[in-house]
Amino acid sequence: MKFVFTIIGCFVFPLIFAQELTQTIRGTVIDKQTQSPLPGAVISILNSDPLKATATDENGIFRFDNVVLGRKQLKITLISYKEKSQIVVLTTGKETVLNIELEESAVQTEEVVVSAEVDKTKTNNKMATVSSRVFSTEEANRYAGSRGDPARMAANFAGVSGANDSRNDIIIRGNSPLGILWRLNGLDIPNPNHFGSMGSSGGPISILNNNTLDNSDFMTGAFPADYGNATAGVFDLKMRSGNNEKYEFLGMVGFNGFELGAEGPFSKKRKNSSFLINYRYSTLSVFKYLGLDFGTGSAVPQYQDLTFKVDLPTKKLGKFSVCGIGGLSYAELLQSQQSKDNNLYGYSGRDTYFRSNVGAGGISHTYLINGSSYVKTNVGVSGQYNGIRADRVDTSTNPVTIRPEYRNTSYTTRYSGNFTYNKKFNSRNFVNAGIYADVYNTTFVDSIDSNGSGFVTLRNYTGQTILSRAFIQWKHHFSEKFSANTGFTYQYLLLNNSQSPEPRIGLKYELNKKQSFSFGAGLHSQVQPLYVYFATANLGNGKVLETNRNLDFTKAAHVVLAYDVNLFNSVRVKTELYYQYLYRVPVKSKKDYFSTVNLGADFNSPNVDSLVNNGTGENYGIELTLEKFYSKGYYFLFTTSLFESKYVGSDGIYRNTAFNGNYVLNALAGKEFKIREKHILALDVKCTYAGGKRYVPIDIAASIAYQDEVRDGTVAYQPQYDPYFRIDVKPSYKLNTKRFTHELSVDIQNVTKHNNIFQQQYDLNTQTIKTDYQLKFFVIPQYRLTF
């Protein structure tokens with residue numbers, strides 16, 4: 001650590017007394033509910049001397065030039081609208097371009113003052129009441145251990161467990177990570193991660209590029225009616241627009257990849273049009289081509305991804321935007337080439353070749369009908385591909401014997417469209433309604449050769465189905481203190497004509513400017529992972545039967561009670577109590593511990609036939625958040641979650657789910673040390689302590705007899721690995737010069753080298769149980785240049 005700060009100091013002190021540098025702040029102020037521009041809004045830069053202030057023009061546009069670099073707090077006010085405060089960080093390498101939404105007050109006075117501090121409990125979604133918050137890309141970059149990944153960043157929030165170094169699966173309140181909905185710019189998308197298996201929601205490396213994201217919403221329960229096909233949580237991500245006045249560029253290199261980015265005006269003829277594009281390529285892949293070995297052998301993660309957005313506003317036809325993300329990834333986990341000191345997360349006794357491709361893109365159109373209503377249309381296409389080849393390896397022979405064992409080719413293409421209508425009748429009443437439709441083209445083909453006698457088909461399906469949904473919701477302010485959000489959504493799956501009506505409600509009462517109570521409840525449902533519907537039972541004589549095709553939605557009832565208090569400036573405490581009841585959960589028709597509530601705990605997509613919707617489950621707990629939003633050069637965040645997650649399979653036994661860790665504690669803090677306006681040193685620290693992963697123990701005697709791994713289902717998820725513990729430290733340095741901003745950071749993960757268990761496997765060659773551990777010590781350096 002001393003060495004890191006010594007190197008940083010060599011850059012800092014010779015440049016301390018250089019000239020003062022400035023940058024531009026500009027943007028647009030609009031009505032949150034109608035998306036119409038707001039002329040006359042006053043924007044002030046607090047603590048500026050002399051005070052800088054300006055007002056928006058007839059198009060809601062404002063601009064500040066020659067603002068001194070650093071962290072600035074803006075205050076936005078407008079008669080009959082709630083005051084808003086926003087923090088921005090000015091660097092020489094990039095202009096700050098904002099899109100600010102103001103909410104009209106239910107009580108019409110000359111000016112309504114709510115708070116002079118940033119409120120992260122207020123989400124982009126107008127209807128969210130409980131279990132939700134907005135997160136910024138700055139937080140994902142700032143937090144130690146997050147690796148610039150929104151999912152890993154969200155693991156620090158109350159109710160979320162992410163005690164897994166190898167993947168960014170988000171476990172919310174004991175639910176399977178498969179219960180999460182990913183949405184990007186209004187379109188539902190597949191798993192946005194490299195090396196993600198079919199039907200999963202996480203992976204080792206995120207395709208989402210933090211340099212292109214805007215402030216986004218994260219929800220952990222009782223979410224509004226415009227979200228469907230999810231039972232656990234929602235990631236509603238927004239991609240920012242490129243700079244529409246000047247060209248800007250980015251270059252970045254770190255352990256996660258080499259990255260290049262550009263943005264600027266799309267066309268001189270089209271005023272306010274812009275583009276944004278970023279490309280990343282795996283760092284280890286480059287090193288592999290250069291002949292450098294980092295001890296991973298053949299298991300070099302090879303991946304690349306692309307993110308882009310184009311904005312094309314028009315005078316009469318509304319605003320059009322085109323955006324997309326895509327990623328290609330490939331890895332080889334070869335037991336035949338594995339040394340004793342090279343412990344990989346592959347399947348014991350097998351050479352595994354894994355390819356995963358994913359992409360999503362769409363066109364969005366927003367049209368303002370008048371000053372009180374607008375419509376929004378999204379159409380897009382997304383897809384996911386998996387190719388898996390696994391060969392059985394016998395290292396006891398010389399040479400090593402390798403025989404084919406498993407083959408999988410699966411892909412899903414989804415064509416999506418949605419249309420929403422939004423109407424603000426007055427300051428007290430807002431209604432929006434919409435329809436969604438997703439057309440799935442799917443192919444699932446996999447086969448296995450268990451004993452060398454030939455491959456047997458497990459699943460072989462090619463077909464099409466449609467998931468459609470309609471919703472309506474109403475927000476009403478009874479007074480400035482009391483508001484209600486009510487909604488209803490209806491889902492229909494064409495594959496088997498299953499349907500799900502789902503009412504939702506949210507209530508909020510503000511005792512005063514510092515305290516509020518909130519309540520949220522609703523029914524939620526989700527289709528099964530598509531591969532589950534097409535699982536087959538072998539009837540003999542080459543005949544198979546799809547026994548799961550008629551499965552219903554998995555359904556969940558959520559109830560949440562929240563209390564929020566602002567202790568003093570920028571410090572808040574939030575407590576939430578929740579209960580979730582899961583029903584219509586698929587379980588086996590015969591007595592067994594299997595339940596789909598546990599899917600997502602492993603890498604595989606199991607072929608389980610003869611399922612029925614007779615399972616149940618429940619999650620309940622309490623969450624506490626103590627948070628100081630960034631101000632006066634520092635921040636801290638403490639979150640605690642105490643919870644139970646249980647289920648009942650077809651055997652009738654009340655068990656722990658695979659995700660019942662029982663508790664999670666997170667502590668994060670950071671401090672910036674400003675040396676004039678050019679140089680910023682920062683230190684961020686994170687500590688996580690969480691209950692260990694539940695597992696089904698290996699039956700060693702049965703495994704030896706069967707010559708493959710056999711688990712003891714009679715005690716499924718009773719045992720638990722030792723608690724997870726990790727401390728991360730991230731020193732960083734930022735230098736602003738006349739045209740460039742340089743950022744250097746070193747994310748040091750698991751500084752105590754604590755042994756956290758990842759998994760236990762049956763070793764086919766030694767006939768013993770092998771324990772794999774998570775990262776013992778990991779250093780991720782990163783350099784970022786913007787200009």
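Residues numbered from 1 in each chain as written. Predicted model: local features only at pLDDT ≥ 70, side-chain atom pairs only at ≥ 80, totals over all residues. Heavy atoms only, no water.

Q: Account for the overall build of the protein, naming residues and giving values.
A: Secondary structure assignment for the protein yields six helices and 43 strands. Taken over the C-alpha trace, the protein has a radius of gyration of 27 Å; the compact-globule value for 787 residues is 28 Å, and the two agree within 12%. For the protein, the residues scored as buried account for 56% of the 787 residues in total. In the protein, 84 positive and 69 negative side-chain charges are present, and the distance between their average locations comes to 4 Å. (Helix = DSSP H or I, 4+ residues; strand = E, 2+ residues; numbered from the N terminus. Rg over C-alpha atoms; globule rule 2.2 N^0.38 Å. Buried < 20%, exposed > 50% of the residue type's maximum accessible area, 1.4 Å probe, protein only. Lys, Arg positive; Asp, Glu negative; His and termini not counted. Charge placed at Lys NZ, Arg CZ, Asp CG, Glu CD.)

Q: Please give an account of unusual backbone geometry that cites residues and values.
A: A cis amide bond links Asp49 with the next residue in sequence, Pro50, at an omega value of 0°. Tracing the backbone shows Pro50 in the loop between β2 (42–45) and β3 (52–55). The phi dihedral of Ser131 falls on the positive side, at around 50°, and the residue is not glycine. For Ser131, the location among the structural elements is in the loop between β7 (96–102) and β8 (132–135). On the accessibility criterion, Ser131 (4% relative accessible area) is buried. One non-glycine residue, Arg173, lies in the positive phi region at around 55°.

Q: Describe in detail the confidence of the model for the protein, supporting the description with residues and values.
A: Scored by pLDDT, the protein has a mean of 89; 93% of the residues are at 70 or more. The low-confidence segment residues 1–18, where pLDDT is below 50, has 24 contacts with residues more than four positions distant or belonging to other chains. Per-residue pLDDT stays below 50 along residues 109–118; that stretch engages in 29 contacts with residues further than four places along the chain or on separate chains. (pLDDT = per-residue confidence, 0-100. Contact = heavy atoms within 4.5 Å.)

Q: Got a sec to walk through the pairing of strand β1 (residues 22–31)? Specific residues and values, please.
A: Of all ten residues making up β1, eight are buried, and the element is well covered by its neighbours. Relative to strand β4 (residues 61–68), β1 runs antiparallel, the two being bridged by six bridges. What sits directly across from Thr28, in β4, is Ile61. When β1 meets β7, the two strands line up parallel, connected through seven bridges. Each bridged residue has a counterpart across the sheet, and for Gly27 the counterpart in β7 is Leu98. (Pairing = 2+ DSSP bridges.)

Q: Give me the sheet that holds β8: which residues, what numbers.
A: The strand order across the open sheet built from five strands is β8-β15-β16-β11-β12, with neighbouring strands paired in mixed fashion. Only two strands of the sheet have a single neighbouring strand rather than two, namely β8 and β12 (187–188).

Q: Lay out the environment of Phe517 in plain terms, naming residues and giving numbers.
A: Within the secondary structure layout, Phe517 lies in strand β29 (residues 515–526). What makes Phe517 partly exposed here is its relative accessible area of 38%. Separated by 57 residues in sequence, Phe517 and Lys574 place their C-alpha atoms 10.0 Å apart. Ignoring anything within four residues of it in the chain, the contact list for Phe517 reads Leu507, Lys508, Tyr509, Leu511, Ala562 and Tyr563.

Q: An account of the nonpolar core is requested, with residue identities and associated values reported.
A: One broad trend across soluble globular proteins is that nonpolar side chains are buried collectively. Within the largest apolar cluster, 31 residues are counted, with the highest numbers of intra-cluster contacts made by Phe157, Ile170, Trp182, Phe218, Phe235 and Ile325. Of all the secondary structure elements, the ones that give two or more residues to this core are α3 (150–154), β11 (180–184), β16 (233–237), β21 (319–334), β22 (350–370) and β35 (634–648). Ignoring sequence-local partners within four residues, the contact set of Ile170 consists of Ala151, Ala155, Val160, Ser161, Pro177, Ile180, Phe218 and Phe235. (Core = buried A, V, L, I, M, F, W, Y, C linked by side-chain atoms within 4.5 Å.)

Q: I'd like to hear about the sheet that holds strand β6 (residues 84–90), residue by residue, with values.
A: Pairing is antiparallel across the open sheet formed by four strands, whose spatial order is β3-β2-β5-β6. Each of the sheet's edge strands pairs with one partner strand only, and the pair in question is β3 and β6. Direction aside, the axes of adjacent strands within the sheet are offset by 25° on average. Where β2 and strand β5 (residues 70–77) come together, four bridges link them in antiparallel fashion. The partner of Val42 across the bridge, within β5, is Thr77. (Axes fitted to C-alpha atoms, helices over the stretch in contact; angles between N-to-C directions.)

Q: Can you break down the pattern of salt bridges residue by residue, with the values?
A: When the charged atoms of two side chains lie near each other, side chains of opposite charge can form a pair. One pass over the full model with this rule turns up 41 salt bridges. Between Glu245 and Arg63 there is a salt bridge, with the nearest N and O atoms lying 2.9 Å from each other. Residue Glu245 is found in the loop between β16 and β17 (248–254), and its partner Arg63 is found in strand β4; the two are separated by 182 residues along the sequence. Given the relative accessible area of 36%, Arg63 is considered partly exposed. Here Glu263 ties to Arg240 by a salt bridge, and the two come within 2.7 Å at their closest N and O atoms. Of this pair, Glu263 sits in strand β18 (residues 257–265) while Arg240 sits in the loop between β16 and β17; the two residues are 23 residues apart in sequence, bridging distant segments of the chain. Like Arg240, Glu263 is buried. Bridged by salt links that share partners, the residues Arg26, Arg63, Asp65, Glu95 and Glu245 form one connected network. (Salt bridge = Lys/Arg side-chain N within 4 Å of Asp/Glu carboxyl O.)

Q: Can you break down a nonpolar patch on the surface residue by residue, with the values?
A: A contiguous nonpolar patch, built from Ile505, Phe519, Val559, Leu561, Leu577, Tyr579, Tyr581, Tyr620, Ile622, Leu642 and Tyr654 and spanning about 930 Å² of accessible area, is present on the exposed surface. Broken down by secondary-structure element, the contributors of at least two residues to the nonpolar patch are β32 (554–568), β33 (571–588) and β34 (611–631). Take the nonpolar patch: its biggest share by element is three residues, from β33. Inspection of the secondary structure puts Leu577 in strand β33. (Patch = residues over 30% accessible without salt bridge, like charges linked within 9 Å, V, L, I, M, F, W, Y side chains within 5 Å. Areas by Shrake-Rupley, 256 points an atom, 1.4 Å probe, with all protein chains shown as cover.)

Q: Which residues make up the side chain of Ser516, and what values do they have?
A: Within the secondary structure, Ser516 is located in strand β29. In this structure Ser516 touches Lys508, Tyr509, Glu510, Leu511, Ala562, Tyr563 and Asp564, once residues within four positions along its chain are discounted.

Q: Describe the pairing of strand β40 (residues 741–749), listing the residues and the values that go with them.
A: Residues in a regular strand project their side chains so that they alternate between the two faces of the sheet. Both strand β39 (residues 724–736) and β40 contribute to a ladder of seven bridges, which runs antiparallel. Counterpart to Tyr733 in the pairing with β40 is Leu744. Counted between consecutive antiparallel strands, the loop separating β39 from β40 contains four residues. As judged from the nine bridges shared by β40 and strand β43 (residues 778–786), these two strands associate in the antiparallel manner. Within β43, the position partnered with Glu743 by the bridge is Arg784.

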